[in-house]
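# Geometric and topological summary
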Amino acid sequence: MKKSYTATFKAQLVLELLKETKTITQLAAEHGVHPNVLRAWRDQAIKELPTVFEQRDSLADAQAAHAKQLEELYAEIGRLTTHVNFLKKRLPS
């Protein structure tokens, strides 16, 4: 039966590994996880750490683009509403 661990549990163990207060073997014994699994989690965390900051930057860019698009759409709604009102006045009912 394969064990599954939560992301929080993995993150806590990786943080303990990065602090280097205990060895991989000691942490593996304490938490019942194979040392190779801990190494894999640590390597994955180190490899993907730069993307955490990239995602935050891209989120800010996406929010700015969204705000600009909303502004353009509201301007278009205003223009179309003005056109409709003008045409209602000019055309006989």
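Here, the structure is the one placed above.
Here's a quick rundown of the structure. In this text, all values refer to a predicted model and were calculated from it rather than measured experimentally. (Residues numbered from 1 in each chain as written. Predicted model: local features only at pLDDT ≥ 70, side-chain atom pairs only at ≥ 80, totals over all residues. Heavy atoms only, no water.)

## Re the overall build of the protein chain
Worth spelling out the cut-off: Only DSSP runs of H or I reaching four residues or more are called helices, and only runs of E reaching two or more are called strands; each is numbered from the N terminus. Restricting the calculation to C-alpha atoms gives the radius of gyration, and the globule rule supplies 2.2 Å times the number of residues raised to the power 0.38. Between buried and exposed lies partly exposed: a residue is buried under 20% and exposed over 50% of the maximum accessible area for its type, with that area taken using a 1.4 Å probe on protein chains only. The contact criterion used is simple: two residues touch if any of their non-hydrogen atoms lie within 4.5 Å. To be clear on the numbers: accessible area is Shrake-Rupley with a 1.4 Å probe, and residue cover counts the displayed protein chains and nothing else. Think of it this way: Lys and Arg go in the positive column, Asp and Glu in the negative one, and His and the chain ends go nowhere. Every charge is mapped to an atom, namely NZ of Lys, CZ of Arg, CG of Asp or CD of Glu.
Looking only at helices and strands, one finds three helices and zero strands in the protein chain. Each helix (α) and strand (β) of the protein chain, taken in turn from the N terminus, gives the series α-α-α. For 93 residues, the compact-globule estimate of 2.2 N^0.38 gives 12 Å, and the C-alpha radius of gyration of the protein chain, at 28 Å, exceeds that figure by more than 25%. For the protein chain, the spread of C-alpha atoms along the three principal axes comes to 85 × 30 × 15 Å. Relative to its 93 residues, the protein chain shows a buried fraction of 11%. Within the protein chain, counting contacts between residues at least 6 apart in sequence, those at least 24 apart form 44% of the total. For the protein chain, the computed accessible surface area is about 8,100 Å², with 60% contributed by carbon and sulfur atoms. The centroid of the 14 positive side-chain charges in the protein chain is displaced by 7 Å from the centroid of its 11 negative side-chain charges.

## Some details on the pattern of salt bridges
In plain terms, the rule: By definition, a salt bridge exists where a carboxyl oxygen of Asp or Glu is found within 4 Å of a side-chain nitrogen of Lys or Arg.
Using the criterion set out here, one finds three salt bridges in the structure. With a closest N to O distance of 2.9 Å, Glu-30 and Lys-22 form a salt bridge. Relative accessible area serves as the criterion here: at 46%, Glu-30 is assigned to the partly exposed category. For Arg-42, the salt bridge is made with Asp-43, and the minimal N-O distance between the two is 3.5 Å. Using a relative accessible area of 23% as the deciding quantity, one classes Arg-42 as partly exposed. Judged by relative accessible area, Asp-43 falls into the partly exposed class, the value being 44%.

## Observations regarding helix 2 (residues 24-31)
The criterion, for reference: When we speak of the arc, we mean the arc of directions from the helix axis to the C-beta atoms.
Turning to helix 2, its buried residues number three or more, namely Ile-24, Leu-27 and Ala-28. One side of helix 2 carries all its buried residues, which in axial view fall inside an arc of 100°. In this structure, helix 2 carries Thr-25 and Ala-29 as exposed residues pointing more than 90 degrees from its buried face. Looking one or two residues beyond helix 2, the residue adopting positive phi is Gly-32, at roughly 70°.

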